[in-house]
Amino acid sequence: MDKLKRVLSGRDAEEPSGLAEVIDATSLGWGTRVKGFVACFAIGCLCSVLGSCLLWVPKKGLILFAVFYTLGNIASIGSTLFLMGPMKQLKRMFEPTRLIATIVMLLCLILTLCSAFWWRKEGLALLFCIFQFFALAWYSISFIPFARDAVKKCVSVCLS
């Protein structure tokens, strides 16, 4: 019966190899994946909120905001790794429909951290945080069918 299920589902009809058994044994169950997603997403939101609170700290507040906001966004993006797995996530990130959005988003994350740690330019870090927000929003709506078209139309109507 198992062979029939494998053949009908498109899997190879051969018996699973030792590597396949190890992969199946170490994969996370759905409940664990959801818990990991929620925990990682909550940490991301917490970092972003903490960064916003640290914005008002004298002298180092802007840099702390940039760092925590960026770490929060990385954790939020990383949370989806639990739901779909790392390879599927990477494949979907670099699909032609969202390739530019992914590159811009990752570039904004990197440039925010570079401006905070390496160049030590607070204004530039804040600017990249703003770009990061819009890039992450554009990247996120790329997963919703026709959402980009709706946003483009809405913006064009508002600007005309």
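Below: a short report on this structure. (Residues numbered from 1 in each chain as written. Predicted model: local features only at pLDDT ≥ 70, side-chain atom pairs only at ≥ 80, totals over all residues. Heavy atoms only, no water.)

### Section: the overall build of the protein chain
A count of helical and extended segments in the protein chain gives 8 helices and 0 strands. When the helices and strands of the protein chain are listed from N to C terminus, the series reads α-α-α-α-α-α-α-α. Within the protein chain, the fraction of its 160 residues that count as buried is 29%. Within the protein chain, contacts between residues separated by at least 24 positions form 56% of all contacts whose residues are at least 6 apart in sequence. (Helix = DSSP H or I, 4+ residues; strand = E, 2+ residues; numbered from the N terminus. Buried < 20%, exposed > 50% of the residue type's maximum accessible area, 1.4 Å probe, protein only. Contact = heavy atoms within 4.5 Å.)

### Things to note about the pattern of salt bridges
Scanning all chains against the criterion turns up 1 salt bridge. Across the pair Arg-98 and Glu-95 runs a salt bridge, and its minimum N-O distance is 2.8 Å. (Salt bridge = Lys/Arg side-chain N within 4 Å of Asp/Glu carboxyl O.)

### Some remarks on the layout of surface pockets
For the largest pocket, the calculated volume is near 320 Å³. Lining the largest pocket are 16 residues; nearest its centre among them are Ser-76, Ile-77, Leu-136, Tyr-139 and Ser-140. Among the secondary structure elements, those contributing two or more residues to the lining of the largest pocket are helix H3 (30–54), helix H4 (61–84) and helix H7 (122–141). Here the element with the most residues in the lining of the largest pocket is H4; it accounts for 7 residues. (1 Å grid on protein atoms, 1.4 Å probe; cavity = no way out; pocket = protein on both sides within 12 Å on 5 of 7 lines; lining within 4 Å. Points joined across faces, edges and corners; volume = space filled by probe spheres on them.)

### A short note on the packing of H3 against H4
Viewed as axis vectors pointing N to C, H3 and H4 meet at an angle of 170 degrees, and their least axial separation amounts to 7 Å. In terms of their interaxial angle, H3 and H4 are classed as roughly antiparallel. Partitioning the contact of H3 with H4 into residue classes produces 17 nonpolar, 12 polar and 1 charged. (Axes fitted to C-alpha atoms, helices over the stretch in contact; angles between N-to-C directions. Parallel < 35°, antiparallel > 145°, perpendicular 65-115°, else oblique. Nonpolar A, V, L, I, M, F, W, Y, C, P; charged D, E, K, R; others polar.)

### Regarding the side chain of Thr-112
Relative to the assigned elements, Thr-112 resides in helix H6 (residues 99–118). Among the polar contacts made by the side chain of Thr-112, one reaches the main-chain carbonyl oxygen of Phe-128 at a distance of 3.5 Å. Residue contacts for Thr-112: discarding those within four places in its chain leaves Ala-66, Thr-70, Ala-125, Phe-128, Cys-129 and Gln-132. (Polar contact = N/O pair within 3.5 Å; in protein donor to acceptor, adjacent residues only side chain to side chain.)

### Focus on a nonpolar patch on the surface
Together, Phe-117, Trp-118, Trp-119, Leu-124, Leu-126, Leu-127, Ile-130, Phe-131, Phe-133 and Phe-134 make up a nonpolar patch on the protein surface, roughly 1,000 Å² of accessible area in all. Contributions of two or more residues to the nonpolar patch are made by H6 and H7. Counting residues per element, the nonpolar patch draws most heavily on H7, at 7 residues. Mapped onto the elements, Trp-119 comes out in the loop between H6 and H7. (Patch = residues over 30% accessible without salt bridge, like charges linked within 9 Å, V, L, I, M, F, W, Y side chains within 5 Å. Areas by Shrake-Rupley, 256 points an atom, 1.4 Å probe, with all protein chains shown as cover.)

### Description of H3
For an α-helix, the turn length of 3.6 residues means that residues three or four places apart are oriented alike. Taking 1.5 Å of rise per residue, 25 residues should cover 36 Å, and H3 covers 36 Å from first to last C-alpha, within 8% of that figure. Where H3 is buried, its residues contact H4. (Expected span 1.5 Å × (residues − 1).)

### Some remarks on the environment of Ala-75
Looking at where Ala-75 falls in the secondary structure, it is placed in helix H4. Judged by its relative accessible area of 14%, Ala-75 falls in the buried class. Spatially, the C-alpha atoms of Ala-75 and Phe-41 are 6.3 Å apart, while their sequence positions differ by 34 residues. Not counting residues within four places of it along the chain, the set of residues in contact with Ala-75 comprises Cys-40 and Gly-44.

### A word on the state of the cysteines
According to the stated counting rule, one finds 0 disulfides in the structure shown. With no disulfide partner, Cys-154 has as its closest neighbouring cysteine sulfur the one in Cys-158, 4.3 Å distant. With relative accessibility at 45%, the residue Cys-154 sits in the partly exposed group. Given a relative accessible area of 60%, Cys-158 falls into the exposed group. (Disulfide = S-S within 2.5 Å.)

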